[in-house]
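Each chain is listed here by its residues.
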Amino acid sequence: DLSHFEMQRCVGRGGFGKVHAVTKLSQPYMGKMLAMKALEKEYIIETNMFDEVNRELNLLKTMKHECLCNGHYAFQDEHKLYLVMDLVEGGDMRVQLASRQKAKFKTYFKAPQIQYFMGHLALSIGYC
């Protein structure tokens, strides 16, 4: 439940709700920074998004790899469903690309960055 986590900053917003950086207050993972996605149950019901939420939950429960965002906990209260997963600082590839497109002077990834991303992508695809 929420008492095992200390809310930190908001790291993202989406159609379902918000994602906060949280600190785990109990074992296991005590002191570790994680991401907590809070999904509004009412919105999920109104938009009939049960399949999408179940798909995300099942992926987070089953996929465990150093190059992927791994799920750790899922729980709920009266109004929200909470998914707790690895905190990925700096966002995903979509965020990285978008930030470069918005820059006043468009910047591109350098060769070492591309090699890093492609290596992780290959390892992730190999895992699947």
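Before going into details, it helps to say that this report is about the structure given with it. (Residues numbered from 1 in each chain as written. Predicted model: local features only at pLDDT ≥ 70, side-chain atom pairs only at ≥ 80, totals over all residues. Heavy atoms only, no water.)

**Description of the sheet that holds strand β1 (residues 5-13)**
Here is step 1: Taking strand neighbours across the sheet as the criterion, the five strands line up as β1-β2-β3-β5-β4 in an open arrangement whose pairing is antiparallel. Sheet topology places β1 and β4 (71-76) at the edges, where each strand pairs with a single neighbour. Direction aside, the axes of adjacent strands within the sheet are offset by 25° on average.
Here is step 2: Of the strand pairs in this sheet, strand β2 (residues 17-24) and strand β3 (residues 33-40) are connected by seven bridges, and their pairing is antiparallel. Of the residues in β3, the one forming a bridge with H20 is M36.
Here is step 3: Contacting β3, β4 and β5 (80-86), helix α2 (residues 50-62) crosses the sheet at an angle of about 35° to β5. (Pairing = 2+ DSSP bridges. Helix = DSSP H or I, 4+ residues; strand = E, 2+ residues; numbered from the N terminus. Axes fitted to C-alpha atoms, helices over the stretch in contact; angles between N-to-C directions. Contact = heavy atoms within 4.5 Å.)

**A few points about the pattern of salt bridges**
Here is step 1: If you walk through the whole model with that rule in mind, you get three salt bridges.
Here is step 2: Residue E89 is joined to R9 by a salt bridge in which the shortest nitrogen-to-oxygen separation is 2.9 Å. Of this pair, E89 sits in the loop between β5 and α3 (93-102) while R9 sits in strand β1, and the two are 80 residues apart along the sequence.
Here is step 3: The shortest N-O distance in the salt bridge between K80 and E40 comes to 3.7 Å. Of this pair, K80 sits in strand β5 while E40 sits in strand β3, placing them 40 residues apart in sequence. (Salt bridge = Lys/Arg side-chain N within 4 Å of Asp/Glu carboxyl O.)

**Thoughts on unusual backbone geometry**
Here is step 1: Residue P28 follows Q27 across a cis peptide bond; omega there is -10°.
Here is step 2: Following the sequence through the fold, P28 ends up in the loop between β2 and β3.

**Quick word on α2**
Here is step 1: With 13 residues, α2 should cover 18 Å at 1.5 Å per step; its first-to-last C-alpha distance of 18 Å lies within 8% of that length.
Here is step 2: Residues V53, L57 and L60 constitute the buried set of α2. Looking straight down α2, one finds its buried side chains confined to an arc of 65°; they lie on one side. Residues of α2 that are exposed and angled more than 90 degrees away from the buried face: D51 and T62.
Here is step 3: For α2, the secondary structure elements touched by its buried residues are β3, α1 (41-46), β4 and β5. (Expected span 1.5 Å × (residues − 1). Buried < 20%, exposed > 50% of the residue type's maximum accessible area, 1.4 Å probe, protein only. Arc of directions from axis to C-beta.)

**Brief notes about the side chain of K37**
Here is step 1: With respect to the secondary-structure elements, K37 resides in strand β3.
Here is step 2: Polar side-chain contacts of K37 include one of 2.7 Å to the side chain of E56.
Here is step 3: Those residues in contact with K37 that sit more than four places away from it in its chain are K18, V19, E56, L81, Y82, L83 and M85. (Polar contact = N/O pair within 3.5 Å; in protein donor to acceptor, adjacent residues only side chain to side chain.)

**Focus: the environment of L97**
Here is step 1: Among the secondary structure elements, L97 is positioned in helix α3.
Here is step 2: With eleven residues separating them along the chain, L97 and Y108 place their C-alpha atoms 8.6 Å apart.

**A look at the nonpolar core**
Here is step 1: Grouped together as the largest cluster of nonpolar side chains are 13 residues, with contacts concentrated most on L39, V53 and L83.
Here is step 2: When contributions to this core are tallied by element, the ones reaching two or more residues are β2, β3, α2 and β5.
Here is step 3: In this view, L83 contacts A35, M36, K37, L39, E56, L57, L60, Y73 and A74; residues no more than four positions away in its chain are not counted.
Here is step 4: Residues F5, L34, A38 and Y82 belong to the second largest nonpolar core, which totals eight residues. (Core = buried A, V, L, I, M, F, W, Y, C linked by side-chain atoms within 4.5 Å.)

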